[in-house]
Structures are given as structure tokens and as C-alpha cells.
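A closer look at the structure
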Amino acid sequence: MPRLQIDADPAPIDIDPARTALIIIDMQRDFLEPGGFGETLGNDVSLLGAAIEPCRKVLDAARDTGLLVIHTREGHRPDLSDAPPAKVERGAPSMRIGDAGSMGRILVRGEPGHDIIPALAPEPGEPVLDKPGKGAFYQTDLELMLKNRGAETLLVCGVTTEVCVHTTVREANDRGFRCIVVGDACGSYFPEFHAIGLKMIAAQGGIFGWVSNSDAVAATLAKAEAA
Ligand code: C5J
């Protein structure tokens, strides 16, 4: 496949589709739907809905192009043995991690709230990576999976922009991956953090990576399909 150019900030970036992976971060009911972890923290979860269609657009294009697609989920074992007490006990949420909510136990693997939203459900063969932390590289085999597939560039979508997306992009950047964050396919409970989070990635010549949008990414990947 020929190299392709994606329009991005701070500058267009060339990608080799055969060495590019899409990572969709934590598009889970626990973050996007009422009754989950996000709402227990006092957030308006409807704010994340704007990222769903752009994510879907990029996911469809990635599937059509044959990119490696990886979905992540933040959550913990039912016995919470992998949940740091400092995380469980922090703040004054309406319910804590592990408590029983309307979508099952908050942020616990195997519960309905832990599932990826139906609109972005993984297809057979797409790895789903469970992570206990904010970063997708922490205590997971993500780096191994990417290296085994020869990935050099990551398209990153998901929620939330300034927490799990940012942490993952920083981890990836330090491991030598080129990250293209698809801005409109990311979302935050805090619009100002979303905007600044994206700016922080592309600032200083792209200190953590590049920022693009779902239309530009989908249009570029469509050229790979056509080639
Ligand atoms: C948060 C995440 N915000 N997926 N998790 O706690 O960004």
C-alpha cells in the first residue's frame, strides 16, 4: 500500500496504512451512559455523545482499509485486587468503584457498564484490551501487540481527551509511536479540557503527536482502499 498523507496539526503527516493501528479508548457505557462511573463523579455524561459518530466514521474506514483495530476498556477485577486503594477511595463520588449501580458494579469487568457502547461494538478478531489504569500501556500487552504487528503510527480516538486519551498518547510517544489524535472522535466532560488537551498534543511542533479530525482521516484511508 502506498504511503498516504493525513491533514493534521501542526503539519500534515505521512502514514503507511500497513503500519498504522486504530486504538479506541474506553468508549464504555460506564463513561458514556447515565448510571456509570462517569456520572458517579458528578459529570454530565451526555457531553461524550458527540464523539460517537466521528469514532464510528474512523472505525468504519479503518475496518475497510484492514487496519489493526484495538479497543480498550478501563476497569477492574471483581475482587478489586487490581484497583489501587488510592483510586477507589479518592474524592466523594455518589458511588465508588465496585459499588452496585444501575448498570452493575461500577467499573468492574464483566458488568454491563463495563461494556463498549453498542454503536462501537468490537468485531470478532479485534483485540479488546482491559486496562486497570488510565494509560493503555500500563500493565497491559498493548506494546507487544503493536510491535508484533510492526505498527509505527497510532490513530487514537475515545474518552476522555485529557485523561485516558492523553495518558495513552504520552505513553505511546515515549515508546516511539507516532500518535495522530482524532480530535472530534475524542470527548471530555469538560469542553475546555478537551480543547486545551488537543492543543497540548500539537503544540511545540507536535510535542506528543498530531491532531486531525474524522473527516480527514476517513478521506485519507478511503484512498488506501481505492489504491
Ligand atoms: C477517566 C478515562 N476519565 N477513560 N477515564 O477516568 O478517561
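Residues numbered from 1 in each chain as written. Predicted model: local features only at pLDDT ≥ 70, side-chain atom pairs only at ≥ 80, totals over all residues. Heavy atoms only, no water.

**Quick look at the nonpolar core**
The tendency in soluble globular proteins is for nonpolar side chains to be buried as a group. Ranked by size, the top nonpolar core spans 40 residues in total, and within it Leu-22, Met-27 and Leu-155 carry the most contacts. The set of elements that each furnish at least two residues to this core consists of strand E1 (4-6), strand E2 (13-15), strand E3 (20-25), helix H1 (29-32), helix H3 (52-65), strand E8 (153-159), strand E9 (178-187) and helix H8 (214-226). Ranked by residues supplied to this core, first place goes to H3 with five residues. By size, the runner-up hydrophobic cluster in this structure holds 26 residues, among which are Ala-21, Leu-146, Val-165 and Cys-179. (Core = buried A, V, L, I, M, F, W, Y, C linked by side-chain atoms within 4.5 Å. Buried < 20%, exposed > 50% of the residue type's maximum accessible area, 1.4 Å probe, protein only. Helix = DSSP H or I, 4+ residues; strand = E, 2+ residues; numbered from the N terminus.)

**A word on the site of the ligand**
Taken together, Asp-26, Phe-31, Phe-37, Glu-74, Lys-134, Val-159, Thr-160, Val-163 and Cys-164 make up the full set of residues near the ligand. The contact in question runs from an oxygen atom of the ligand to an N or O atom on the backbone of Thr-160, over 2.9 Å. Considered on its own, the ligand offers 230 Å² of accessible surface; in the complex 93% of this is hidden by protein. Under a 2 Å grid-point criterion requiring more than half of the atoms, the pocket assigned to the ligand is the largest pocket. (Near = heavy atom within 4 Å. Polar contact = N/O pair within 3.5 Å; in protein donor to acceptor, adjacent residues only side chain to side chain. Areas by Shrake-Rupley, 256 points an atom, 1.4 Å probe, with all protein chains shown as cover. 1 Å grid on protein atoms, 1.4 Å probe; cavity = no way out; pocket = protein on both sides within 12 Å on 5 of 7 lines; lining within 4 Å. Sits in = over half its atoms within 2 Å of the grid points.)

**What about the pattern of salt bridges?**
With the rule as written, the count across this model stands at 14 salt bridges. The partner of Arg-56 in a salt bridge is Asp-60, and the shortest N-O contact between them spans 2.8 Å. One end of the pair, Arg-56, and the other, Asp-60, are both in helix H3, four residues apart, so they sit about a helical turn from each other. A relative accessible area of 26% means that Arg-56 is categorised as partly exposed. One continuous salt-bridge network, built from bridges that share partners, spans Arg-3, Arg-19 and Glu-152. (Salt bridge = Lys/Arg side-chain N within 4 Å of Asp/Glu carboxyl O.)

**Focus on helix H6 (residues 161-174)**
For an α-helix the count is 3.6 residues per turn, leaving residues at separations of three or four pointing the same way. Taking 1.5 Å of rise per residue, the 14 residues of H6 would be expected to cover 20 Å, and the 18 Å separating its terminal C-alpha atoms lies within 8% of that figure. Taken as a whole, H6 has its buried residues at Thr-161, Cys-164, Val-165, His-166, Thr-168, Val-169, Glu-171 and Ala-172. Within two residues after H6, Gly-176 carries a phi angle of roughly 95 degrees, on the positive side. (Expected span 1.5 Å × (residues − 1).)

**Quick notes on the state of the cysteines**
Here, the word disulfide means a covalent bond between the sulfur atoms of two cysteines. Under the counting rule described, the total for this entry stands at zero disulfides. Considering cysteine sulfurs only, Cys-157 is the nearest to Cys-55, which forms no disulfide, with 4.5 Å between them. No disulfide involves Cys-186; its sulfur sits 5.9 Å from the nearest other cysteine sulfur, which is in Cys-157. On the basis of relative accessibility, which here comes to 5%, the residue Cys-186 falls in the buried class. (Disulfide = S-S within 2.5 Å.)

**Remarks on the sheet that holds E8**
Ordered in space as E7-E4-E3-E8-E9-E10, the six strands form an open sheet in which the pairing is parallel. Among the strands making up the open sheet, the edge pair consists of strand E7 (128-131) and strand E10 (210-212). Direction aside, the axes of adjacent strands within the sheet are offset by 25 degrees on average. The pairing of E3 with strand E4 (residues 68-74) spans five bridges and is parallel. Opposite Ile-23, over in E4, you have Ile-70 as the bridge partner. Those strands touched by H3 are E3, E4, E8 and E9, and its axis lies near 150 degrees from that of E3. (Pairing = 2+ DSSP bridges. Axes fitted to C-alpha atoms, helices over the stretch in contact; angles between N-to-C directions. Contact = heavy atoms within 4.5 Å.)

**Regarding the packing of H3 against H8**
The interhelical angle for the contact between H3 and H8, taken along N-to-C directions, is 15 degrees, at an axis separation of 9 Å. It follows from the interaxial angle that H3 and H8 lie roughly parallel. Pair H3 / H8 crosses with left-handed handedness. Residue-level contacts link Pro-54, Lys-57, Val-58, Ala-61, Ala-62, Asp-64 and Thr-65 of H3 to Ser-214, Asp-215, Val-217, Ala-218, Leu-221, Ala-224 and Glu-225 of H8. Taken together, the residues of the contact of H3 with H8 sort by class into eight nonpolar, two polar and four charged. (Parallel < 35°, antiparallel > 145°, perpendicular 65-115°, else oblique. Left-handed = near helix turned anticlockwise from the far one by under 90°. Nonpolar A, V, L, I, M, F, W, Y, C, P; charged D, E, K, R; others polar.)

Read these as spatial facts, not as claims about activity.
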